[in-house]
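A closer look at the structure
Letter by letter, the chains look like this.
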Amino acid sequence: MTPPRQETASAPEQIAQVLERIGARRCAGLTELYGLALPEGNAAVTARFVVEQKLRVLEHHDLQPAIMVYDPALSVIGVVETLDLGSDNLVTELTEHIDRAAYLRQLCLIEGERWQKHSLTVELVLVLRGGEQKDAEDRVGTVLRRIARETGYFRVIGVNLLYEQSDGSYRDSDVRRAFCWLLADTRKWLAGARESEPPELSLKMENYRLPGIREYRFTMDAAFHVIHGANGSGKTSLSEALELLATGAVERLVREAVYFPNVRYQPKGTLALAGLSPAGVELAIRSNGASRTARAEVVSQAPEGTRDHRVVWQPETGALPSADSFRLDQVLMDRLVRCDEMARAALFLRAFFPEDRPLFEALSASEQRFQEALKRIPSALAGAGAAGLEEALAWIHMAPPAWPAGILLTIEPCLPARAEQLQILAPLDGSLRRLLERYQKEPGSFQDLAAELRQMDAALKSVKPKLTEAMRHLRTAIGVLEEFAKWRAGRQIDRGHDFAGVLNEWLELQALADLVSKYYEVEATLEQARRSGWKPRPEHAKLLPEVIESRERIEYLRACREDLIRARDEARARVGSWTVGTKTGKHSAEEGERPPRLHLTAAEVESLNGVGSWLESTRDAASRFGDLFVDALRTDQARTVGRAVIGMQNGCANMLEEARDMLALCESLSSPERHFVPAAENLKRCEEALAALEERKRQQQRAAETFLSQIAGDSGEAHQINAALNELLSLFKPAPWAYRDIRLLGRHRGHGGTGEQLSLRTADNARADLRLNTAETNALTLSLFLLCAPRLDNPLRLLVLDDPLQNMDEMTVSALARGLAKLMRIYPKGWQVIALFHGEEDLHRIREEVPSAVYRLPWLSPNPSPRPVIVEEEKAESTCRRARQRLEELVS
């Protein structure tokens, strides 16, 4: 359900607030409306308005609109009226408003013709309130279509609709469409265009496609020049000559090896071109006391290896990248709208934003380098992606002490095996073991990253030859452990009646065995050191007691240590027996699983001893695993080694699992298909990938400042050109309310994609080129061209419109002419537009609305004229010197 509209202000006051947000100024009365000075520059809106003021035009036409808007800079009167969609008299009121606005425009035209002034244009804005927009479009649209069909009102005035929303607000797109004639967004966009002093141009063409010499002299009094000529009178030659001067080439001849036979006038009956004089074009530009000239010459014979055409600027200036940068013709219109998105982006960037192309090329190159670097990074980082890779390699720019994950885990991506796998392999080689211990205990010693990884490579290189022997021992040990997995020793120690007592006995023996072992190691070490001649310093003598000089005592301590360790292991077995769920503390051979055999081979014992020293569960045991296994078989009594229990069903399961993991790792590392990249080389590749990623990021930031990137996005409204484009499109249409906005959407695909793309989308995200008719697409490309071309550093400061009114009806041409008149009044200073027409009616419609200098081309003569043909302004037809009509001249 639509919420009721809250009345916060009257309708005229609400519209007044909208106009103030656009930038229009409010006046207290008509006198103030006439008298305020115009602000300097074209970036700011110059309109003023009054609310509900009564005025009389030419002493008989009374008006009292809700709001009257006046912009003397644009020569426009805006009449704003409100309509209640629920009114029974809606059709009558609507018709009356259009009648009054059309009559106001008629009076302006009569007075303008009388005093030879440019008449004020009239824009009617109808604010529709109190109903659903869809219903309003149906009801009001039906009336407007009938009026357009039965009258000529839409040829003289602009009619704009503004729908009030249910909450009393107005959508930005509707406001822009209704008040497009104020050119608020277009002014902002054109504020960044290049300006200069108005130049005086003259163009001389000699035997260029037409016989003899023709000289075009353009007046400085006009910014809009209209050239009229029949087919074959030289309009294309003029456009092509300017293209040759501005770009150094002619696009239609770009595939031709020579220009001379194609552009040099060839007299009738002439077969040989060698004797003909060159074809020449010369342009003179005079502005603000300075002058520049450009000369192009096309010769019949050029030196070998050179072109037959040459352009020289005095003083030297840069050439435009394309004729599309300054000339709009039907070919460009079709290409801009009909081509695919990739071709459109290439065309658009080349024509209007050539400075962006190197940035995208640099971005593509950096993207390609990054993708190549990604192919070479360690497999551990292969799926990280750009964002993940930057985070994963951040440690490269950090000092090792600052690595939060520690040394080994940090450098793990560069290593050929994971950190936990290296810990498994460490017992196989002393250099690898010492390296890993140093990383853990002395991280501060890790300084030179490359040097440390070279040491790691050397350690791993020494490990690799040992893998074959390690796999042999592992396979043997695994076979024994699997064979004896279900064996339960029959003569297990009585586990006792109290678990707590058995546990305490084991803990006491564990502590005592540790103390005796340490005591034995201290005395044995000191005794051996003293035998070697070592003596402590005097200040340390009291720290170390005298060692009894007796080998018997040392042997006694060693035997005690072995006995305590054996007793501790037996106590551990008794503790473990509580966890296997046996029925009684004593077991007979019949109650346990008998061993598969009672003896191990020497090779099996050797393998069990070696593997037992490698695996974590048995690595720190004092006794060798294989020897204890033999003893357990001999005595039929369980033995505990680390976390493994020999003679207990599945008592060595953890050890067996670790052995299998280690065997799989060794097999993987020794596989001939496994190619090891040295850690130092992996580091280099990571550094290259990170550098390529950072370079790509810098190029992305630079590219983000380009036109194409700025208009990229889901909405497309973030860039000013979209607002300016839709404003001009509304201005150039006789029924702007019947259309919706069009968006430019740009994106850069990068390496592996399809490059830059530029799409034209409607409000519902459909392709505009499939929705618009030919006239609408021409208006679209004309708007784009007029917005983008002035931002180039065009040495001519000149734009050429080659018959831009094709496929447009009279009503559309009239609306376009009124729109061009307003646009040219705020166009960047120093820019001139040459419009080429062959239709007489189009010429008259344009010259009546747009202040223009008119030129007429003589019909092509069959014989060359002996004298130069001068094409000058037809002052009787030109309207560029007419003064602007003022509102105060009409209002009593």
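Residues numbered from 1 in each chain as written. Predicted model: local features only at pLDDT ≥ 70, side-chain atom pairs only at ≥ 80, totals over all residues. Heavy atoms only, no water.

**Comments concerning the environment of Glu81**
Cut-off, in case you're wondering: Numbering goes from the N terminus for both helices and strands, where a helix is a DSSP run of H or I of at least four residues and a strand is a run of E of at least two. Burial status follows relative accessibility: with a 1.4 Å probe on protein chains alone, a residue under 20% of its type maximum counts as buried, one over 50% as exposed, and anything between as partly exposed. Whether two residues are in contact is decided by their heavy atoms: any pair within 4.5 Å suffices.
On the secondary structure map, Glu81 appears in strand 6 (residues 76-84). Judged by relative accessible area, Glu81 falls into the buried class, the value being 11%. The spacing of Glu81 and His97 is 16 residues in sequence and 7.5 Å in space, taken between C-alpha atoms. Ignoring any residue separated from it by four or fewer positions in sequence, one finds Glu81 in contact with Pro65, Ala66, His97, Leu124, Val125, Leu126 and Val127.

**Quick word on the sheet that holds strand 24 (residues 869-871)**
Threshold: When DSSP finds two or more bridges between two strands, those strands count as paired. Note on definitions: angles span 0 to 180 degrees between N-to-C directions of axes, and those axes are lines fitted to C-alpha atoms, for helices only across the stretch in contact.
In space, the 6 strands of this open sheet follow the order 15-14-13-10-11-24, with mixed pairing throughout. Each of the sheet's edge strands pairs with one partner strand only, and the pair in question is strand 15 (309-314) and strand 24. Adjacent strand axes in the sheet meet at a mean angle of 10° when their direction is disregarded. Bridge count for strand 14 (residues 290-298) against strand 15 is 6 bridges, and the pairing is antiparallel. Residue pairing for strand 15: Thr293 is matched across the bridge by Gln314. Set on the sheet, helix 7 (residues 235-247) makes contact with strand 10 (200-206), strand 11 (213-218), strand 13 (279-287), strand 14 and strand 15; between it and strand 10 the angle comes to about 105°.

**Observations regarding the layout of surface pockets**
How we decide: Using protein atoms alone on a 1 Å grid, points that fit a 1.4 Å probe yet trap it form a cavity, whereas open point sets bounded by protein on both sides within 12 Å along at least five of seven lines form a pocket; residues with an atom within 4 Å of a point count as lining. Grid points are joined across faces, edges and corners, and a volume is the space filled by probe spheres set on the points. Each residue receives one of three labels: charged for Asp, Glu, Lys and Arg, nonpolar for Ala, Val, Leu, Ile, Met, Phe, Trp, Tyr, Cys and Pro, and polar for the others, Gly being one of them.
As a volume, the largest pocket reaches approximately 500 Å³. Around the largest pocket, the lining is made up of 21 residues, and of these Ala222, Ala223, Met824, Arg825 and Arg884 lie nearest the centre. For the lining of the largest pocket, a count of residues per class yields 12 nonpolar, 4 polar and 5 charged.

**What to know about the packing of aromatic side chains**
Where we set the bar: Note on aromatic pairs: the rings of Phe, Tyr and Trp (six-membered ring only in Trp) are paired at centre separations within 6.5 Å, and the planes decide the class, stacked below 30 degrees, edge-to-face beyond 60, tilted for the rest. A positively charged side chain is recorded as over a ring if its NZ (Lys) or CZ (Arg) lies within 6 Å of the ring centre. The angle to the ring normal must also be within 35 degrees.
Per the stated rule, a full pass over the model turns up 14 aromatic pairs. Look at Tyr216 and Phe218: their rings are 6.4 Å apart centre to centre, the planes differ by 10°, and that puts the pair in the stacked class. Residues Tyr216 and Phe218 agree in their burial class; the two are buried. When the centroid spacing of 6.1 Å and the interplanar angle of 75° are considered together, the rings of Phe484 and Trp487 count as edge-to-face. Given the relative accessible area of 6%, Phe484 is considered buried. One aromatic cluster in this structure is built from Phe348, Phe352, Phe353 and Phe785. One cation-aromatic arrangement involves Lys733 over Tyr739; the distance from NZ or CZ to the ring centre is 3.9 Å. Looking at Arg791, its charged tip hangs above the ring of Trp189, at a distance of 4.0 Å from the centre.

**Side note on the packing of helix 11 (residues 357-376) against helix 23 (residues 679-703)**
Selection criterion: These descriptions rest on fixed angle ranges, namely under 35 degrees for roughly parallel, over 145 for roughly antiparallel, 65 to 115 for roughly perpendicular, and the rest for oblique. Each helix crossing is assigned a hand: it is left-handed if the near helix lies turned anticlockwise from the far helix by less than a right angle, otherwise right-handed if that turn is clockwise.
One can describe the packing of helix 11 onto helix 23 by two numbers: an axis separation of 8 Å at closest approach and a directional angle of 160°. Overall, the two elements helix 11 and helix 23 adopt an arrangement that is roughly antiparallel. Two packed elements cross with a definite hand, and for helix 11 against helix 23 that hand is left-handed. Between helix 11 and helix 23, the residues in contact are Leu359, Phe360, Ala362, Leu363, Ser366, Glu367, Arg369, Phe370, Ala373 and Arg376 and Glu681, Arg685, Glu688, Ala689, Ala692, Leu693, Glu695, Arg696, Gln699, Gln700, Arg702 and Ala703, respectively. Residue composition of the contact of helix 11 with helix 23, grouped by class: 10 nonpolar, 3 polar and 9 charged.

**Some remarks on the pairing of strand 10**
Bridge analysis of strand 10 against strand 13 gives 7 bridges, and the strand direction is antiparallel. Opposite Met205, over in strand 13, you have Val281 as the bridge partner. Hairpin connection from strand 10 to strand 11: 6 residues lie between these consecutive antiparallel strands, with Asn207 at a positive phi of about 55°.

**Details of the nonpolar core**
Going by this rule: Only buried residues count toward a nonpolar core, which is a set of Ala, Val, Leu, Ile, Met, Phe, Trp, Tyr and Cys residues joined through side-chain atoms within 4.5 Å.
By size, the foremost hydrophobic cluster in this structure holds 135 residues, and its most contacted members are Leu19 and Phe179. When residues of this core are assigned to their parent elements, the largest contribution, 9 residues, is made by helix 27 (residues 774-788). Look past the residues within four positions of Leu19 in its chain and what remains in contact with it is Ala24, Phe49, Ile67, Val69, Phe179 and Leu182. Among the nonpolar cores identified, the runner-up in size contains 76 residues, and Leu408, Leu435, Ala489 and Leu628 belong to it.

**Comments concerning the confidence of the model for the chain**
For clarity, the cut-off: Confidence of the predictor at the level of single residues is captured by pLDDT, which takes values from 0 to 100.
With 90% of its residues at a pLDDT of 70 or more, the chain shows a mean pLDDT of 84. Ranking the elements of the chain by mean pLDDT puts helix 24 (residues 707-710) last with 70 and strand 23 (residues 853-856) first with 96. Throughout residues 1-7 the model reports pLDDT below 50, and contacts reaching past four residues in sequence, or to other chains, amount to 11 contacts. Confidence drops under pLDDT 50 across residues 581-591; counting only partners more than four residues distant or on other chains, this segment forms 20 contacts.

**Re the side chain of Ser878**
The cut-off we apply is this: Two N or O atoms form a polar contact when they lie within 3.5 Å of each other; inside protein one atom must be a possible hydrogen donor and the other a possible acceptor, and for residues adjacent in sequence the pair counts only when both atoms belong to side chains.
Tracing the backbone shows Ser878 in the loop between strand 24 and strand 25 (883-884). The exposure class assigned to Ser878 is buried, which follows from its relative accessible area of 9%. Of the polar contacts made by the side chain of Ser878, one reaches the side chain of Glu873; its length is 2.9 Å.

**Some remarks on empty space enclosed by the protein**
Scanning the entire structure with this criterion turns up 6 cavities of 30 Å³ or more. Taken together, 13 residues make up the lining of the largest cavity; nearest its centre are Glu123, Gly158, Ser730, Leu731 and Lys733. For the lining of the largest cavity, the elements supplying multiple residues, two or more each, are strand 9 (157-163), helix 25 (720-731) and helix 28 (810-826). Classifying every residue of the lining of the largest cavity gives 6 nonpolar, 4 polar and 3 charged. The computed volume of the second largest cavity comes to approximately 60 Å³. As for the second largest cavity, its lining consists of Arg177, Asn726, Leu729, Ser730, Lys733, Pro736, Tyr739, Arg740 and Asp741. With 3 residues, helix 25 is the largest single contributor of residues to the lining of the second largest cavity.

**Thoughts on the pattern of salt bridges**
Under the convention used in this document: Criterion for a salt bridge: a side-chain nitrogen of Lys or Arg within 4 Å of a carboxyl oxygen of Asp or Glu.
Per the stated rule, a full pass over the model turns up 58 salt bridges. With a shortest N-O distance of 3.5 Å, Glu372 and Lys375 are connected by a salt bridge. Placement of the pair is Glu372 and Lys375 together in helix 11, with a separation of 3 residues, close to one helical turn. Classification of Lys375 as exposed rests on a relative accessible area of 63%. Each of the salt bridges in this network shares a partner with another, and the network as a whole consists of Arg171, Asp174, Arg176, Arg177 and Asp741.

**Notes on the state of the cysteines**
To keep things clear, this is the line we draw: Whenever a pair of cysteine sulfur atoms sits within 2.5 Å, that pair is classed as a disulfide.
Counting across every chain of the model gives 0 disulfides. Cys686 takes part in no disulfide bond, and the closest cysteine sulfur to it belongs to Cys414, at a distance of 4.1 Å. For Cys686, a relative accessible area of 0% translates into the label buried.

**Description of the sheet that holds strand 8 (residues 121-129)**
To summarise the sheet geometry, strands pair through backbone hydrogen bonds and adopt either a parallel or an antiparallel arrangement. Read across the sheet, 6 strands follow the order 1-2-5-6-8-9 without closing on themselves; strand pairing throughout is mixed. Of all strands in the sheet, those with a lone pairing partner are strand 1 (25-26) and strand 9, marking the two edges. Relative to strand 6, strand 5 (residues 67-71) runs antiparallel, the two sharing 5 bridges. Looking at the pairing, Asp71 lines up with Val76 of strand 6. Sheet contacts for helix 28: strand 6, strand 8 and strand 9; angle to strand 8, the most-contacted strand, approximately 105°.

**Regarding helix 17 (residues 467-483)**
Threshold: Expected helix span is taken as 1.5 Å per residue step, with the number of steps being one fewer than the number of residues.
Taking 1.5 Å of rise per residue, the 17 residues of helix 17 would be expected to cover 24 Å, and the 24 Å separating its terminal C-alpha atoms lies within 8% of that figure. Of the residues making up helix 17, those classed as buried are Leu467, Ala470, Met471, His473, Leu474, Ala477, Ile478, Val480 and Leu481. Of the surrounding elements, those touching the buried residues of helix 17 are helix 14 (419-425), helix 16 (449-463), helix 20 (602-614), helix 21 (625-635) and helix 22 (653-670).

**A closer look at the packing of helix 20 against helix 21**
The geometry of helix 20 relative to helix 21 is characterised by a closest axis approach of 6 Å and an angle of 125° between their N-to-C directions. Here helix 21 runs oblique to helix 20, going by the angle between their axes. Facing Val605, Leu608, Asn609 and Gly612 of helix 20, the residues of helix 21 in contact are Phe625, Gly626, Asp627, Phe629 and Val630. Looking at side-chain class alone, the contact of helix 20 with helix 21 contains 5 nonpolar, 3 polar and 1 charged residues.

**A short note on helix 25**
Here helix 25 is 12 residues long and its end C-alpha atoms lie 17 Å apart, about the 16 Å a rise of 1.5 Å per residue gives. Within helix 25, 11 of the 12 residues are buried, which leaves it mostly tucked inside the rest of the structure. Listed in full, the buried residues belonging to helix 25 are Ile721, Asn722, Ala723, Ala724, Leu725, Asn726, Glu727, Leu728, Leu729, Ser730 and Leu731.

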